[in-house]
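Structural overview
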Amino acid sequence: MRHRINPAYWFLAPALSVIAIFFFVPVAASVVLSVTDFDIYAVASRVNLRFVGVGNYVRLLGEPLFWVALKNTLYFVLVGGPLSVGLSLGVAVLLSAKLVRFRTVFRTIFFLPVVTTLVAVAVVFRYVYHPRFGLLNYALSLIGIRPIDWLGDPNWAMPAIILMAVWKNFGFNMVIFIAGLQSIPERLYEAADIDGAHGWAQFRYVTLPMLAPTFLFVAIMTMIGYFQLFAEPYVMTQGGPAHSTLSIVLFMYQQGFRWWNMGYAAAIAFVLFTIILSLTVITMQLRGRQSALPNVGTR
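What counts and what doesn't
- Residues numbered from 1 in each chain as written.
- Predicted model: local features only at pLDDT ≥ 70, side-chain atom pairs only at ≥ 80, totals over all residues.
- Heavy atoms only, no water.
- Phe/Tyr/Trp six-rings, centres within 6.5 Å; stacked < 30°, edge-to-face > 60°.
- Helix = DSSP H or I, 4+ residues; strand = E, 2+ residues; numbered from the N terminus.
- Buried < 20%, exposed > 50% of the residue type's maximum accessible area, 1.4 Å probe, protein only.
- Axes fitted to C-alpha atoms, helices over the stretch in contact; angles between N-to-C directions.
- Parallel < 35°, antiparallel > 145°, perpendicular 65-115°, else oblique.
- Left-handed = near helix turned anticlockwise from the far one by under 90°.
- Contact = heavy atoms within 4.5 Å.
- Polar contact = N/O pair within 3.5 Å; in protein donor to acceptor, adjacent residues only side chain to side chain.
- Core = buried A, V, L, I, M, F, W, Y, C linked by side-chain atoms within 4.5 Å.
- Domains from an automatic or database assignment.

As for the packing of aromatic side chains
One pass over the full model with this rule turns up 16 aromatic pairs. Measuring from centroid to centroid gives 5.2 Å for Phe177 and Phe215, while their planes differ by 65°, and the two rings are edge-to-face. You can see Phe177 sitting in helix α8 (residues 157–182) and its partner Phe215 sitting in helix α11 (residues 212–227), a full 38 residues away along the chain. Under the relative-accessibility criterion, Phe215 is labelled partly exposed at 26%. Feature note: the residues Phe125, Tyr129, Trp150, Trp156 and Trp167 constitute an aromatic cluster, connected by ring pairs.

What follows is the structure, given as structure tokens:
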């Protein structure tokens, strides 16, 4: 009896072939690259290419600049991530209220930064943050606050980038939260209203629990995106001042495309991949354990 191939595989084959060629093959090549000292001299001749094993990873762990970049990236993720998620949830709740008019218009306005080119946004914010002629310092001067060198002061450079990133990205999470809010059955709010729960009580005991899967998705996607911080510091500060905005991806870019240490840069990429994968798995595991816990006080 001849084995019959499922027709679905024939339809999937073109897409899977493209994924294999442009994703899995480059990833495999990067793994090989990370255990070599591939640089600009190896481009000229393979004789200059040497196998170094885990040498790139050992060198990376002993690199002070890597730890600076990791600290800056964690700062960006831990501060910018919750701000972005919190702001997007708040706006989504407001735009889902029945009393709000022109909701479609506001959703479009808030989503516009998401579809705007990041480089263009970064260039505009460079002028907004200008120490002498910037709009932000002008607004602060109206309430008696002296001008701040937002991108030239190591203490303010990363907060300035975080504010820009939150403004740029919160619209995407807002749309996801709106979809999650619209999927909550209206009868739950009606039952809560009959039981005497209003306003904050409904939000805490009905909205937040029902949004848990949406929260998990938004949190993971935001974390992954924020760990890949690159364009903002690259355009606005070049990692300065004093490496205060140097991120892991920017550090990888500098090693790979400025100094042509491709093997070293590939090792940085896989360390970042390991960090993101580990935190993603931990987040999902914590969510799974929380879901498995019984609801105390319910029957």
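Let us keep going from here.
Here we look at the packing of helix α4 (residues 64–95) against α8
Here α4 crosses α8 at 40°, and the two axes come no closer than 6 Å. Classed by the angle they form, the pair α4 and α8 counts as oblique. Pair α4 / α8 crosses with right-handed handedness.

Here we look at the environment of Asn169
Locating Asn169 in the fold gives a position in helix α8. Judged by relative accessible area, which is 26%, Asn169 ranks as partly exposed. Residues Asn169 and Ser84, spaced 85 residues apart in sequence, show a C-alpha to C-alpha distance of 7.1 Å. If sequence neighbours within four positions are ignored, Asn169 has contacts with Ser84, Val114 and Tyr226. Within the structure, Asn169 has its side chain in polar contact with the backbone oxygen of Ala165 (distance 2.9 Å).

Description of the nonpolar core
Membership of the largest hydrophobic core comes to 37 residues, with the highest contact counts inside it found for Leu60, Phe76, Tyr129, Met164, Met236 and Phe251. Sorting the residues of this core by element identifies α4, α6 (118–128), α8, α11, α12 (231–236), α13 (248–258) and α14 (262–292) as the ones contributing at least two each. If we skip the residues at most four places from it in the chain, Met164 touches Leu118, Val121, Ala122, Phe125, Tyr129, Glu232 and Met236. Core analysis: the second largest hydrophobic core is formed by 19 residues, Phe170, Met174, Val206 and Leu211 among them.

Side note on the domain arrangement of the protein
Here the protein is partitioned into domain 1 (1–29) and domain 2 (68–247 + 264–290). The C-alpha-based centres of domain 1 and domain 2 are spaced at 36 Å.

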